[in-house]
Amino acid sequence: MLRFLGSSRRFCDGVSRRNFLQIGAFGAGLSLADMLQARAAGSAARKQPSRSNKSAIMIYLPGGPSHMDMYDIKSDAPKEFKGEFNAIQTNVPGVQICEHFPLQAKMWDKLACVRSIVSVDEHSDSLVMTGYPDRVNRTADHPSLGAVVSKLRAETNGAVPPFVSLRGMSRGSEPGYLGIAHRPFTPSGPGNANLRLTNGVTESRLDDRKTLLAGFDDTRRDIDASGTMRGMDAYTEKALEMVTAGVVRTALDLSKEDPKVRERYKGVEQFLTARRLVEAGVGCVTLSIGGWDTHGQNFTTLKRQLPQVDRGVANLIQDLHDRGMADDVVTVMWGEFGRTPKVNNNAGRDHWAPVMGALVAGGGLKMGQAVGATTAKGERPKDRPITVPQMLSTIYHQLGIDPAITFPNGAGRPMYVLDDRETVKELLG
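On a predicted model such as this, the values are computed, not experimentally measured, just so you know.

### What to know about the overall build of the protein
Step number 1: When its secondary structure is counted, the protein shows 15 helices and 16 strands.
Step number 2: Burial status across the protein gives 56% buried among its 429 residues.
Step number 3: Element-wise, carbon and sulfur atoms account for 50% of the exposed surface of the protein, whose accessible area totals about 18000 Å².

### Structural notes on the pattern of salt bridges
Step number 1: The tally for this structure, following the rule as stated, stands at 21 salt bridges.
Step number 2: For Glu122, the salt bridge is made with Arg135, and the minimal N-O distance between the two is 3.7 Å. Of the two residues, Glu122 sits in the loop between strand S6 (112-118) and helix H4 (126-130) while Arg135 sits in helix H5 (residues 134-140), which places them 13 residues apart along the sequence.
Step number 3: Residue Arg135 is classed as exposed on the basis of its relative accessible area, which comes to 54%.
Step number 4: Between Arg138 and Asp134 there is a salt bridge; the shortest N-O distance is 2.9 Å. A residue pair is termed a helical-turn pair when its members lie 3 or 4 positions apart in one helix, as Arg138 and Asp134 do in helix H5 at four residues.
Step number 5: Residue classification places Arg138 among the exposed positions, given a relative accessible area of 59%.
Step number 6: For Asp134, a relative accessible area of 9% corresponds to the buried category.

### A closer look at unusual backbone geometry
Step number 1: In the Ramachandran plot, Asp141 falls in the positive-phi region, its phi being about 55° despite a non-glycine side chain.
Step number 2: Mapped onto the fold, Asp141 is located in the loop between H5 and helix H6 (145-153).
Step number 3: Residue Asp141 is classed as partly exposed on the basis of its relative accessible area of 35%.
Step number 4: In this structure, Gln297 takes a positive phi of about 50° despite not being glycine.

### Examining helix H12 (residues 269-280)
Step number 1: With 12 residues, H12 should cover 16 Å at 1.5 Å per step; its first-to-last C-alpha distance of 17 Å lies within 8% of that length.
Step number 2: Those residues of H12 that sit buried are Phe271, Leu272, Thr273, Ala274, Arg275, Arg276, Leu277 and Val278.
Step number 3: Immediately beyond the C-terminal end of H12, within one or two residues, lies Gly281, with a positive phi of roughly 110°.

### Here we look at the environment of Lys377
Step number 1: Relative to the helices and strands, Lys377 is located in the loop between strand S13 (369-371) and strand S14 (386-387).
Step number 2: Between the C-alpha atom of Lys377 and that of Lys82, which follows or precedes it by 295 residues, the distance is 7.7 Å.
Step number 3: In contact with Lys377, other than residues within four places in its own chain, are Met68, Lys74, Pro78, Phe81 and Pro341.

### Looking at the pairing of S6
Step number 1: S6 sits mainly inside the fold: six of its seven residues count as buried.
Step number 2: Looking at chain direction, S6 and strand S12 (residues 356-362) are connected through four bridges and run antiparallel. Counted as the bridge partner of Val114 is Ala358 from S12.
Step number 3: In this structure, S6 lies alongside S13, joined through three bridges in parallel fashion. The residue of S13 that forms the bridge with Cys113 is Ala370.

### A look at the packing of aromatic side chains
Aromatic ring pairs are defined here through the distance separating the ring centres and the angle between the ring planes.
Step number 1: Summed over the entire model, instances satisfying the criterion amount to three aromatic pairs.
Step number 2: Taken together, a centroid distance of 5.9 Å and an interplanar angle of 40° make the contact between Tyr71 and Trp108 tilted. Of the two residues, Tyr71 sits in the loop between strand S3 (55-60) and helix H2 (79-82) while Trp108 sits in the loop between helix H3 (102-105) and S6, which places them 37 residues apart along the sequence. Of the two residues examined, Tyr71 and Trp108, each falls in the buried class.
Step number 3: On the numbers, 5.3 Å between centres and 90° between planes, the contact of Phe85 with Phe299 is edge-to-face. In this pair, Phe85 sits in the loop between H2 and strand S4 (87-89) while Phe299 sits in helix H13 (residues 298-322), placing the two residues 214 residues apart along the sequence.
Step number 4: On the basis of relative accessibility, which here comes to 1%, the residue Phe85 falls in the buried class.
Step number 5: A residue is classified by how much of its surface remains accessible, and Phe299, at 3% relative accessible area, is buried.
Step number 6: By way of ring pairs, the aromatic residues Tyr71, Phe101 and Trp108 are connected into one cluster.

### Describing the side chain of Thr273
Step number 1: Within the secondary structure, Thr273 is located in helix H12.
Step number 2: Residue Thr273 is classed as buried on the basis of its relative accessible area, which comes to 10%.
Step number 3: Aside from chain neighbours lying at most four places away, what touches Thr273 is Leu166, Leu252 and Leu254.

### Structural notes on the pairing of strand S8 (residues 284-288)
Step number 1: Most of S8 is tucked away: five of the five residues are buried.
Step number 2: As defined by bridge partners, S3 adjoins S8 across five bridges and the pair is classed as parallel. Of the residues in S8, the one forming a bridge with Ile59 is Leu287.
Step number 3: Looking at chain direction, strand S7 (residues 163-165) and S8 are connected through three bridges and run parallel. Bridge pairing in S8 links Ser165 to Thr286.

### A look at the environment of Ile395
Step number 1: Within the secondary structure layout, Ile395 lies in helix H14 (residues 388-398).
Step number 2: Along the primary structure Ile395 and Val424 are separated by 29 residues, whereas in three dimensions their C-alpha atoms are 9.5 Å apart.
Step number 3: Beyond its immediate sequence surroundings of up to four residues, Ile395 is in contact with Met58, Leu145, Val330 and Val332.

### Describing the environment of Arg311
Step number 1: Inspection of the secondary structure puts Arg311 in helix H13.
Step number 2: Considering only alpha carbons, one finds Arg311 and Lys266, 45 residues apart in sequence, at a separation of 9.3 Å.
Step number 3: Apart from the residues lying within four places of it in its own chain, the contact partners of Arg311 are Leu103, Glu263, Arg264, Tyr265, Lys266, Gly267 and Val268.
Step number 4: At 2.6 Å, the side chain of Arg311 and the backbone oxygen of Lys266 are in polar contact.

Conventions we followed
- Residues numbered from 1 in each chain as written.
- Predicted model: local features only at pLDDT ≥ 70, side-chain atom pairs only at ≥ 80, totals over all residues.
- Heavy atoms only, no water.
- Helix = DSSP H or I, 4+ residues; strand = E, 2+ residues; numbered from the N terminus.
- Buried < 20%, exposed > 50% of the residue type's maximum accessible area, 1.4 Å probe, protein only.
- Areas by Shrake-Rupley, 256 points an atom, 1.4 Å probe, with all protein chains shown as cover.
- Salt bridge = Lys/Arg side-chain N within 4 Å of Asp/Glu carboxyl O.
- Expected span 1.5 Å × (residues − 1).
- Contact = heavy atoms within 4.5 Å.
- Pairing = 2+ DSSP bridges.
- Phe/Tyr/Trp six-rings, centres within 6.5 Å; stacked < 30°, edge-to-face > 60°.
- Polar contact = N/O pair within 3.5 Å; in protein donor to acceptor, adjacent residues only side chain to side chain.

What follows is the structure, encoded as structure tokens:
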């Protein structure tokens, strides 16, 4: 199988993080027809429809962002803990966030943060995307949230893939025991090319090719008493529909947006693409921004990256409200862990698993608040420890998906989507 490698980013563990694409529109070497057939086969074995058509946008901050310098500023802590940034008041009394988030501060009634999430110390997106650490997933193969959405909605999405990753493939985006048919569509390089008609092939010529294909199929059908070819026709038609309808291709084409809108998202275009994809009907979109493994020069890096995040989040959430989609799209932004409350000798912060934070918005969740609190120096949850699976359980709940449903793993054993299925009641209102 061919693999195309993109830009490399190396974290402190020496592991190279690359955005990569494998030949095949769904990252698995499958033709569109093959993918649709495999997906339908899995769905036919166990149909568990979700109760709604809400969507999720998962914003991943790779490397572990500093909770102390974003949504949990400790203004009264000693300088070596507080760091260089100051807190500013949001438009919700009693809630303060980082001074480099002025746009979010003005719209905090549309946002919320959770400040007391307990994590694990590993450079992987597995925990926040699946609910299980990478060291567990290497043997258990738990699926990502996007893969679960794909499994439950594959038969109803028509020409739109239910799961799209704007950051290529990663450990956390894998479908695990749900099967490769539920890998995300990765819309760049060959993946995007597969959504277009080949150069010189018009829809009229495509119709001619469909007729020729049907002729060959007639011959094969004569010797196929089982009816397999009749079934394959449906999957071929769906694949052709995905190419010719152009719904996803249109969503990915930012030139179709008003120039003023594109200017607002300049430098953070993935947030605009994510909004356009959920508008088109995609059930789960993941994206990433920046590099947050700031063992050194933490504040220099964050002075550059936090304003970008602020602009991307503020534009995305405001657009969803303006389009009447706020309650239909739940957004979460987080990394793999927090960073040490005490600044090190390199003006950096090191890994800190005892606590991290997350931003959430929309999906019918209760906004305008900060859930949970940390100790005076930001070292650990003060009185409301919340696990990553509990956050994911809350997202599943808002998507109309019961995290207590089970799917068979490779050995046929029924597996819960999440083992820790408690929700964050404060967000549910």
